[in-house]
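So the chains spell out like this:
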Amino acid sequence: MKKMKKLVLTPLAVMAAAPAFAAGDAGWTDLSNTNMVVTLAFLLFVTFLGYMGVHKMLGAQLDKRAVGIKSELDEARALREEAQTILATYERKQKEVAQQAERIVAHAKDEAANAAVAAKADLQASIARRLAAAEDQIVSAQTAAVKEVRDSAVQVAVAAARDVIAKQMTATDGNSLIDDAIKTVEAKLH
């Protein structure tokens, strides 16, 4: 029924506007008037499109396109929120990694300082041990030198005493000294 009303009302609206479409001397209803023929053809074409439901198809296509755009926008919003979540996660991880790196650097500095202190203490201990060893070697060398000097002095004294005794002693004096020495040894052993 609505379609029928459209079909009837559309030509009536065109006839009401007939004076505006008149070309020259020919009247509006005259088929020699090209404006009137084009207008009628246009109106018939628009009416045919309306009858075929093209406007509904266009509306349905536009609605479908709107739904598609809306779903794409929703998907884009979801992707954006997901990207923001991922970005926040990576920023948090980056801060954690930076803090961990700072802790590692601080720990490495502390270890280096401790190692330097330990190395210094070890070096001082090593120097002290070497100094003690050097002092021991010096004392040992002094002791050996003193002993060597004493031994040499004893040898020189014995040699000098031998020479003096040999020059001053006679054979009978030597024999009596030997006999005295034997008696002294026997007395001490028994």
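Residues numbered from 1 in each chain as written. Predicted model: local features only at pLDDT ≥ 70, side-chain atom pairs only at ≥ 80, totals over all residues. Heavy atoms only, no water.

Novice: Break down the overall build of the protein for me, with residues and values.
Specialist: A tally of regular secondary structure across the protein gives five helices and zero strands. Going from the N terminus to the C terminus, the protein shows its helices and strands as α-α-α-α-α. Split into buried and exposed, the 190 residues of the protein put 6% on the buried side. Approximately 16,300 Å² of the protein is accessible, and the part contributed by carbon and sulfur atoms is 65%. (Helix = DSSP H or I, 4+ residues; strand = E, 2+ residues; numbered from the N terminus. Buried < 20%, exposed > 50% of the residue type's maximum accessible area, 1.4 Å probe, protein only. Areas by Shrake-Rupley, 256 points an atom, 1.4 Å probe, with all protein chains shown as cover.)

Novice: Explain helix α3 (residues 34-52) residue by residue, including any values.
Specialist: With 19 residues, α3 extends 27 Å from end C-alpha to end C-alpha; this agrees with the ideal 27 Å at 1.5 Å per step. Backbone nitrogen of Asn35 and a side-chain oxygen of the N-cap are separated by 3.2 Å at the start of α3; the cap is Asn33. (Expected span 1.5 Å × (residues − 1). Polar contact = N/O pair within 3.5 Å; in protein donor to acceptor, adjacent residues only side chain to side chain.)

Novice: So, a nonpolar patch on the surface: which residues are in play, and what are the values?
Specialist: A cluster of nonpolar side chains, namely Phe42, Phe45 and Val46, defines an oily patch on the protein surface of about 310 Å² accessible area. Assignment of secondary structure puts Val46 in helix α3. You can call Val46 partly exposed: its relative accessible area is 39%. (Patch = residues over 30% accessible without salt bridge, like charges linked within 9 Å, V, L, I, M, F, W, Y side chains within 5 Å. Salt bridge = Lys/Arg side-chain N within 4 Å of Asp/Glu carboxyl O.)

Novice: For the packing of α3 against helix α4 (residues 54-168), give the residues involved together with the corresponding values.
Specialist: α4 packs onto α3 with a crossing angle of 60° between their chain directions and a minimal axis gap of 5 Å. Regarding the angle of α3 to α4, the classification is oblique. Across the interface between the two elements, Leu49, Gly50 and Met52 of α3 pack against Val54, His55 and Met57 of α4. (Axes fitted to C-alpha atoms, helices over the stretch in contact; angles between N-to-C directions. Parallel < 35°, antiparallel > 145°, perpendicular 65-115°, else oblique. Contact = heavy atoms within 4.5 Å.)

Novice: So, the environment of Leu31: which residues are in play, and what are the values?
Specialist: Mapped onto the elements, Leu31 comes out in the loop between α2 (18-21) and α3. Among residues more than four places away in sequence, those in contact with Leu31 are Met36 and Val37.

Novice: Before we move on, can you summarise the side chain of Thr39 with the specific residues and values?
Specialist: Within the secondary structure, Thr39 is located in helix α3. Note on Thr39: relative accessible area 14%, which makes it buried.

Novice: Describe in detail the pattern of salt bridges, supporting the description with residues and values.
Specialist: With the rule as written, the count across this model stands at one salt bridge. For the salt bridge of Arg77 with Asp74, the shortest nitrogen-to-oxygen distance reads 3.0 Å. Highlighted residues: Arg77 and Asp74, both in helix α4, separated by three residues, approximately one helical turn. Overall, the relative accessible area of 38% leaves Asp74 in the partly exposed class.

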